[in-house]
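An overview of the molecular structure
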Amino acid sequence: MKRSAFTMVEMVIALGIISFMLVLVIPKSTRTFQEWQQKQFWNELKQEWQLSQVRSQNHGEITDISYDQQDRAIIFCSKNNQRRINVPHSIRVREIKPRTMLSNGYIQPATWSFIDVLNHEELDLKIQMAGGGYRVEKKRIYSE
């Protein structure tokens, strides 16, 4: 007699193996997704920053840059444009002081502080006076 279905024991073993594989894979995929979110955040911040500089220098637009603590978003607000960049939950904001990018691209120097929970690093975004750009400095806080 041919049987075309699993027995109950075979079904339980198959589910056990699948469950075990999921337990191994899910934490790694979660971390990978969080790393992707962080990379996306830094890329969007860089693009919007550069776009604001171009608007300032070429069109004389002033851009206000601030942080909305409730929505966890950095806001770039100019005369004709408002853009929100969401900060991922794997990055904690310690301090962001509002800044204004003037019509010539100049921005007052400052340091914005973040904590990267995922990589256990303190990140300082240093806004530079000369070109209106910024750089990110990383410091390890603790290791596992």
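This text follows the structure it describes.
First, a word on scope: everything that follows refers to the structure included in this document.

Looking now at the packing of aromatic side chains. Scanning the entire structure with this criterion turns up 7 aromatic pairs. Ring centres of tryptophan 49 and phenylalanine 76 lie 6.3 Å apart, and the angle between their planes is 85°; on these two criteria the pair is classed as edge-to-face. Linking tryptophan 49 in helix H1 (residues 8–59) with phenylalanine 76 in strand E2 (residues 73–77), this pair joins segments that are 27 residues apart in sequence. A network of ring pairs unites the aromatic residues Trp49, Phe76, Trp112 and Tyr134 as a single cluster.

Counting buried residues in strand E6 (residues 110–116) gives 6 out of 7 residues, a clear majority hidden from the surface. With 4 bridges connecting them, strand E4 (residues 91–95) and E6 associate as antiparallel partners. Within the sheet, the bridge partner assigned to arginine 92 lies in E6 and is isoleucine 115. Two strands pair when backbone bridges link them, and E6 and strand E7 (residues 121–127) are joined in this way by 7 bridges, in the antiparallel orientation. Following the sheet pairing, phenylalanine 114 is matched in E7 by leucine 123.

As a further point, take unusual backbone geometry. A positive phi angle, close to 55°, is found at arginine 72, a residue other than glycine. Its place among the elements puts arginine 72 in the loop between strand E1 (63–68) and E2. Of the residues examined, arginine 72 reaches a relative accessible area of 18% and is grouped as buried. With phi around 55°, histidine 120 is a residue other than glycine that occupies positive phi space. Counting through the fold element by element, histidine 120 comes out in the loop between E6 and E7.

Moving on: the pairing of E7. Among the 7 residues that make up E7, 6 are buried, leaving the element largely enclosed by the rest of the structure. Counting the residues that bridge the hairpin from E6 to E7 gives 4 residues, and of these histidine 120 lies at a positive phi of roughly 55°. With 7 bridges connecting them, E7 and strand E8 (residues 134–140) associate as antiparallel partners. If you follow lysine 126 over to E8, its bridge partner there is arginine 135.

A separate point is the sheet that holds E7. One key point about sheets: their strands pair by backbone hydrogen bonds, in either a parallel or an antiparallel sense. Taken together, the 4 strands give an open sheet; going across it, the order is E4-E6-E7-E8, and neighbouring strands pair in antiparallel fashion. Each edge of the open sheet carries a strand with a single partner, namely E4 and E8. Within this sheet the neighbouring strands show an average axis-to-axis angle of 25°, counted without direction. The strands touched by H1 within the sheet are E4, E6, E7 and E8, with E8 carrying the most contacts at an inclination of about 155°.

It is worth spelling out the sheet that holds strand E5 (residues 99–101) at this point. Here we have 4 strands laid out as an open sheet, ordered E3-E2-E1-E5, and antiparallel in their pairing. Every other strand in the sheet has two partners, leaving strand E3 (82–86) and E5 as the edge strands with one partner each. With direction set aside, neighbouring strand axes in the sheet form an average angle of 20°. Across 3 bridges, E1 lies against E5 in antiparallel orientation. Looking at the pairing, isoleucine 65 lines up with arginine 99 of E5. Where H1 meets the sheet, its contacts fall on E1, E2, E3 and E5, and the angle it forms with E3 comes to roughly 160°.

Analysis parameters
- Residues numbered from 1 in each chain as written.
- Predicted model: local features only at pLDDT ≥ 70, side-chain atom pairs only at ≥ 80, totals over all residues.
- Heavy atoms only, no water.
- Phe/Tyr/Trp six-rings, centres within 6.5 Å; stacked < 30°, edge-to-face > 60°.
- Helix = DSSP H or I, 4+ residues; strand = E, 2+ residues; numbered from the N terminus.
- Buried < 20%, exposed > 50% of the residue type's maximum accessible area, 1.4 Å probe, protein only.
- Pairing = 2+ DSSP bridges.
- Axes fitted to C-alpha atoms, helices over the stretch in contact; angles between N-to-C directions.
- Contact = heavy atoms within 4.5 Å.

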